[in-house]
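Next come the chains, spelled out residue by residue.
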Amino acid sequence: MESTGVYWKPIWNILEGSFHFVLANARHVKNVPGRKTDVKDAEWLAKLLRCGLIESNFVPPEDIRDLRDLTRYRKKLIHHRTSEQNRIHKILQDANIKLTSVLSDIFGVSGRRILEAILNGEKIETDGLRKMVDWRTKASITDIANAINGRIRRHHRDMLRYHWEHMSYLEKAIEELEKQIDQLLSPYVRK
């Protein structure tokens, strides 16, 4: 079989174990340019195989293929979460809320508490801010209060809420994926 896209996978999954398969890299078995059809490609692959000119690609066992799917999807979800975090940051900048100037990670413990208060429309007083800010935060309460003193409108809160909820959903999905990945990795962990 020629490994073009994912079209080889369903056949491989059904017949795996019943036959000795050779999965040919499409780059290594390119036919001469011209009129191409699937039939001509199949004939060409058969000729190359008979002559011993096709080296089989590595196809990992099923559990490793499953693990690859999960880790690749996890990577995509992390990318999407980062995009949502960037959108939240952009909205905060638009509302003149400069949290990034006082907090190294606005999605850390203190930043999340402050963002949730902003999302809920709470008026953040100095005493309330002291309760929200983690003791490890280096910035002073006064600096943080000045940074969140912006001009946030209803539109900003609505947009923040949409992105926040989507980011939270993605974080839960990533957490579930990581549990599933850990389960698949457990047979390979040395004890």
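For every chain, the first residue of the written sequence is number 1, and numbering continues from 1 onward in sequence order. With the structure being a predicted model, the display of local features is reserved for residues of pLDDT at least 70 and the display and counting of side-chain atom pairs for 80 or more, all residues being used for whole-chain, interface and lining totals. Values shown for side chains rest on all heavy atoms present in the structure; no hydrogens or waters enter the calculation.

Engineer: An account of the nonpolar core is needed here, citing residue identities and associated values.
Structural biologist: Nonpolar cores are built from buried Ala, Val, Leu, Ile, Met, Phe, Trp, Tyr and Cys residues. Side-chain atoms within 4.5 Å join them into one set. Only protein chains enter the accessibility calculation, which uses a 1.4 Å probe. A residue is then buried if its area is under 20% of the maximum for its type, exposed if over 50%, and partly exposed in between. Counting residues in hydrophobic clusters, the biggest one holds 26 residues, and the most contacted among them are L99, I114 and I144. Where helices and strands are cited, they refer to DSSP runs of H or I of at least four residues and of E of at least two residues respectively, numbered from the N terminus. Elements with a contribution of two residues or more to this core: α3 (62-94), α4 (109-119), α5 (126-132), α6 (141-147) and α7 (154-185). The leading source of residues in this core is α4, at five residues. Residues contacting L99, with those up to four places away along its chain left out, are I106, I114, L115, A147 and I148. In terms of nonpolar packing, the next biggest core, distinct from the first, is built from eight residues, L67, L77, I174 and L177 among them. Two residues qualify as a contact provided that any one of their heavy atoms is within 4.5 Å of a heavy atom in the partner residue.

Engineer: Before we move on, can you summarise the packing of α3 against α7 with the specific residues and values?
Structural biologist: Only C-alpha atoms enter the line fits that serve as axes; for helices the fit covers just the stretch in contact. Angles between N-to-C directions range over 0 to 180 degrees. Following both chains from N to C, one finds α3 and α7 inclined at 160°, their axes separated by 9 Å at the closest point. Here α7 runs roughly antiparallel to α3, going by the angle between their axes. Where α3 crosses over α7, the handedness of that crossing is left-handed. Charged residues are taken to be Asp, Glu, Lys and Arg, nonpolar residues to be Ala, Val, Leu, Ile, Met, Phe, Trp, Tyr, Cys and Pro, and polar residues to be all remaining types, Gly included. A per-class count over the contact of α3 with α7 returns 19 nonpolar, seven polar and eight charged. Note on angle classes: values under 35 degrees are labelled roughly parallel, values over 145 roughly antiparallel, values of 65 to 115 roughly perpendicular, and the remainder oblique. By definition, turning the near helix anticlockwise from the far helix through less than a right angle yields a left-handed crossing, and turning it clockwise yields a right-handed one.

Engineer: Account for the packing of α4 against α7, with residues named and values stated.
Structural biologist: Orientation of α4 relative to α7, taken along the N-to-C sense of each, is 135°, at an axis distance of 10 Å. Considering the angle they form, α4 stands oblique to α7. Crossing hand, α4 versus α7: left-handed. Touching R112, L115, E116, I118 and L119 of α4 are R157, L160, R161, W164, M167 and E171, all from α7.

Engineer: Describe the side chain of S110, and please don't skip the residues or the numbers.
Structural biologist: In this structure, S110 sits in helix α4. Since its relative accessible area comes to 6%, S110 is described here as buried. Polar contacts, as used here, are pairs of N or O atoms within 3.5 Å; protein pairs need one atom able to donate a hydrogen and one able to accept it. Residues neighboring in sequence count only if both atoms are side-chain atoms. In terms of polar contacts, S110 uses its side chain to reach the backbone amide nitrogen of D134, at 2.7 Å. Here the side chain of S110 touches T137 through a polar contact of 3.0 Å, side chain to side chain. Leaving out residues up to four positions away in the same chain, S110 has contacts with L103, M132, V133, D134 and T137.

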